[in-house]
Amino acid sequence: MIDGYITVISPIPDTPSDRAGIISGDQIIKIDGESAYKITQKDVFKKLRGPKGTRVVVTIARKGMEEPFNTTLIRDKIPIRSIASSFMIDDSIGYIKITRFASTTMDEFYESMNKLQQNGMTELLIDLRNNPGGLLDQA
């Protein structure tokens, strides 16, 4: 949440938001026509989740665009990954949030690291908050 709105940090590849063209920095200001200002996490899940193949319309505010626009998300199964987000904090510091240690964690971590290094990362912040653990060899 930034300024009271759900703000996209990094859309997960090959998910409904990615397929709908949502990009980093986009703010979701409405969900199915209802304001998303200061919406709770519980309500976000209620409104965005639903049966596979059903639709939800989100209104997006994007920097550089004068007017918000609507885009339709077609609900689908979201793959559960170990890396929740990975992005550059500034020109040299990368950030990776690891939410669990599963069989794919190390591969996901190296993939994220490589992308960040290609973007100029020389320092890394690894976020393990609320990580309940998992496979020791992946940790």
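Scroll up a little and you will see the structure.
Computed from a predicted model, the values in this text were never measured in an experiment.

**A short note on the pairing of strand S6 (residues 83-88)**
As judged from the 5 bridges shared by S6 and strand S7 (residues 93-98), these two strands associate in the antiparallel manner. Directly across from Ser-86, in S7, lies its bridge partner Ile-96. Between S6 and the antiparallel strand that follows it, S7, lie 4 residues.

**Side note on the pattern of salt bridges**
In this structure the tally under the stated criterion is 8 salt bridges. Across the salt bridge formed by Lys-52 and Asp-76, the nearest N and O atoms sit 3.6 Å from each other. Residue Lys-52 is located in the loop between helix H2 (41-48) and strand S4 (55-61), and its partner Asp-76 is located in the loop between strand S5 (69-74) and S6; the two are separated by 24 residues in the primary sequence. For Asp-76, a relative accessible area of 29% puts it in the partly exposed group. Notably, a salt bridge pairs Glu-111 with Lys-115, separated by 3.4 Å at the nearest N-O pair. Note that Glu-111 and Lys-115 are positioned in helix H3 (residues 105-118) at a spacing of 4 residues, about one turn of the helix. Using a relative accessible area of 39% as the deciding quantity, one classes Glu-111 as partly exposed. Overlapping salt bridges, with partners in common, bring together Arg-19, Lys-52 and Asp-76 in one network.

Calculation criteria
Residues numbered from 1 in each chain as written. Predicted model: local features only at pLDDT ≥ 70, side-chain atom pairs only at ≥ 80, totals over all residues. Heavy atoms only, no water. Pairing = 2+ DSSP bridges. Helix = DSSP H or I, 4+ residues; strand = E, 2+ residues; numbered from the N terminus. Salt bridge = Lys/Arg side-chain N within 4 Å of Asp/Glu carboxyl O. Buried < 20%, exposed > 50% of the residue type's maximum accessible area, 1.4 Å probe, protein only.

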